[in-house]
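Read off the chains here:
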Amino acid sequence: MTVRLHWFLPTGGDGRTLVDRHAYGSNIGRETRGLRTPDIEYLAQIAKAAEQLGFEAVLTPTGTWCEDAWLTTVALAQHTERLKFLVAFRPGLLSPTLAAQMAATYQRLTRGRLLLNVVTGGDSSEQRRFGDHLDHDRRYERTDEFLSVVRGVWRGEPYDFHGAHYQVDGGLTSLPPDPVPEVFFGGSSQAAGPVAARHADVYLTWGEPPAQVKAKIDWIRSLAEREGRTVRFGIRLHTISRDSSADAWATANRLLDDLDADTIAAAQAALGRSESVGQRRMLELHGGSRDQLEIYPNLWAGVGLVRGGAGTALVGSHAEVADRIEEYHALGVEHFVLSGYPHLEEAYWFGEGVIPELGARGLLSADTASRTTGREAPLLAAQGR
């Protein structure tokens, strides 16, 4: 099992601070310091950098605060050649038969570059913006049925399904996707586990300390075994990797300096209302306090003070960050979905610093390793790195 690396597309906006990232949705049409709007030109820069640096895919988020993932990524596919797109979407907001058809079309248009990230949704207020009023556990019940229909329709022959949420007669995608997209799925609640065991190809967790990640892996693996299935594992983390550990931590502290007490308090109050068990676990890592944010060697919880979802970052020298990746990999984590602020520059820091380190340790596939050697760094060289 090799390490498979993925980057992130900030379709809600990007910037040099943790706060600016949130400004896009509420400040359209106004100047915001350091904000980079998610236009196609900027996102194409990130996608091309990720492809050049050796990342396999890029994750695109879903929600009312960002651009639509399907439309954005199929446009970016025209700017790249090999890069895959891990498209996040919410089951229940469209027909499962239509979703199966969209995935099949996407695979043909991009020559097989689609991966799917199923986001059931842990925030009722966000779901209601889409007109969805199911509670947390019933959303997972619906996701279970949704994925059953999608996989059934992909068989290429009429498929019937009669459940509590979907009634499908003769569901069909006349040309099934080739290859069938891998399904990434996350969720820390008791309602999420059985759905992951039945449907996920890759179970994705946020970046908790290794002991907690191992417990999750053991939990999902045991549930999958009862279903007669094998599930692979991935982790979602931010990164701050530099030539020295001191430089990396200085960058983390600069990000922290941009956060005032009122901003943190407002963000923590909003995040505390989430129904997501995974989000609660992220909040518990720091308790809303700036103190002792290094919760495990090189694992920093500062991002989670103001950001929902993935709230931890790997911080350190390139070798130290590689050490932590190797440690998670030893637990069974194969896919690493990474990001950093700003996403363009941090892709280069990681790609030029950590990826060669992982290659030297024999953790990368031969193809990835061959594409990450002997390459110049046009962006950071121009910036005087």
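Placed above this text is the structure.
Residues numbered from 1 in each chain as written. Predicted model: local features only at pLDDT ≥ 70, side-chain atom pairs only at ≥ 80, totals over all residues. Heavy atoms only, no water.

Here we come to the pattern of salt bridges. Inspection of every chain in the model, using the stated rule, returns 20 salt bridges. Residue Arg 198 pairs with Asp 144 through a salt bridge whose shortest N-O separation is 2.8 Å. With a gap of 54 residues between them, Arg 198 in helix α7 (residues 192–199) and Asp 144 in helix α6 (residues 136–153) connect regions that are remote in the sequence. Note that Asp 201 is salt-bridged to Arg 151, the shortest N-O span being 3.2 Å. In this pair, Asp 201 is assigned in the loop between α7 and β8 (202–206) and Arg 151 in helix α6, connecting sequence segments 50 residues apart. Several salt bridges converge on common partners, so that one network encompasses Arg 4, Glu 56, Lys 84, Glu 182, Arg 232 and Glu 334. (Salt bridge = Lys/Arg side-chain N within 4 Å of Asp/Glu carboxyl O. Helix = DSSP H or I, 4+ residues; strand = E, 2+ residues; numbered from the N terminus.)

Attention now goes to the environment of Asp 257. For Asp 257, the position within the fold is in helix α9 (residues 245–257). Separated by 51 residues in sequence, Asp 257 and Gly 308 have C-alpha atoms that sit 19 Å apart.

Here we take up the packing of aromatic side chains. A complete count under the given rule lists eight aromatic pairs for this structure. Centre to centre, the rings of Tyr 140 and Phe 185 are 6.2 Å apart; their planes meet at 70 degrees, and the pair counts as edge-to-face. With Tyr 140 in helix α6 and Phe 185 in strand β7 (residues 183–185), the pair connects residues that are 45 residues apart, well separated along the chain. Considered together, Tyr 140 and Phe 185 belong to a single accessibility category, that of buried residues. With a centroid separation of 6.1 Å and an interplanar angle of 65 degrees, the aromatic rings of Phe 146 and Tyr 166 are classed as edge-to-face. Of the two residues, Phe 146 is situated in helix α6 and Tyr 166 in the loop between β5 (159–162) and β6 (167–171); the sequence distance between them amounts to 20 residues. (Phe/Tyr/Trp six-rings, centres within 6.5 Å; stacked < 30°, edge-to-face > 60°. Buried < 20%, exposed > 50% of the residue type's maximum accessible area, 1.4 Å probe, protein only.)

This brings us to the packing of α6 against α7. α7 packs onto α6 with a crossing angle of 10 degrees between their chain directions and a minimal axis gap of 9 Å. When the interaxial angle is binned, α6 and α7 end up roughly parallel. On α7, the residues that touch Tyr 140, Thr 143, Asp 144, Leu 147, Ser 148 and Arg 151 of α6 are Ala 192, Val 195, Arg 198 and His 199. Looking at the contact of α6 with α7 residue by residue, the classes come out as four nonpolar, three polar and three charged. (Axes fitted to C-alpha atoms, helices over the stretch in contact; angles between N-to-C directions. Parallel < 35°, antiparallel > 145°, perpendicular 65-115°, else oblique. Contact = heavy atoms within 4.5 Å. Nonpolar A, V, L, I, M, F, W, Y, C, P; charged D, E, K, R; others polar.)

What follows is about the pairing of strand β12 (residues 313–317). Across the five residues that make up β12, a large majority, five, are buried. Here five bridges tie strand β9 (residues 232–242) to β12, and the two strands are oriented parallel to one another. Across the sheet, the residue bridging to Ser 241 is Gly 316, located in β12. By the bridge criterion, two bridges tie strand β11 (residues 299–300) to β12 in an arrangement that is antiparallel. Note that in β12 the partner of Trp 300 across the bridge is Ala 313. (Pairing = 2+ DSSP bridges.)

Take the environment of Lys 214 next. Secondary-structure assignment places Lys 214 in helix α8 (residues 210–226). Here Lys 214 falls in the partly exposed class, since its relative accessible area comes to 39%. In this structure, the C-alpha to C-alpha distance between Lys 214 and Arg 254, residues 40 residues apart in sequence, is 31 Å. Within polar-contact distance, the side chain of Lys 214 engages the side chain of Asp 218 at 2.8 Å. (Polar contact = N/O pair within 3.5 Å; in protein donor to acceptor, adjacent residues only side chain to side chain.)

Let's shift gears to the packing of helix α2 (residues 40–53) against helix α13 (residues 343–360). Relative orientation of the contacting elements α2 and α13 amounts to 5 degrees, with a least axis distance of 9 Å. Relative to α13, the element α2 is oriented roughly parallel. Here Tyr 42, Gln 45, Ile 46, Ala 49, Gln 52 and Leu 53 of α2 lie close against α13, whose contacting residues are His 343, Leu 344, Ala 347, Tyr 348, Gly 351, Glu 352 and Ile 355. For the contact of α2 with α13, the residue count by class is eight nonpolar, four polar and one charged.

Once that is clear, we can look at the nonpolar core. Of all hydrophobic cores here, the largest spans 75 residues; its most connected members are Leu 5, Phe 85, Ile 325, Tyr 328, Phe 336 and Phe 350. The dominant element in this core, judged by the number of residues it contributes, is α2, at eight residues. In contact with Ile 325, other than residues within four places in its own chain, are Val 3, Leu 314, Phe 336, Phe 350, Val 354 and Leu 358. By size, the runner-up hydrophobic cluster in this structure holds 21 residues, among which are Trp 249, Leu 293, Val 315 and Tyr 341. (Core = buried A, V, L, I, M, F, W, Y, C linked by side-chain atoms within 4.5 Å.)

Under the 1.5 Å per step criterion, the end-to-end length of α8 is 24 Å for 17 residues, consistent within 8% with the ideal 24 Å. Residues of α8 that are buried include every one of Pro 210, Val 213, Lys 216, Ile 217, Ile 220, Leu 223 and Ala 224, and no others. Projected onto a plane normal to the axis of α8, the buried residues spread over an arc of 155 degrees and lie on a single side. Exposed side chains of α8 directed beyond 90 degrees from the buried face belong to Ala 211, Glu 225 and Arg 226. Of the residues flanking the end of α8, it is Gly 228, one or two places downstream, whose phi is positive at about 70 degrees. (Expected span 1.5 Å × (residues − 1). Arc of directions from axis to C-beta.)

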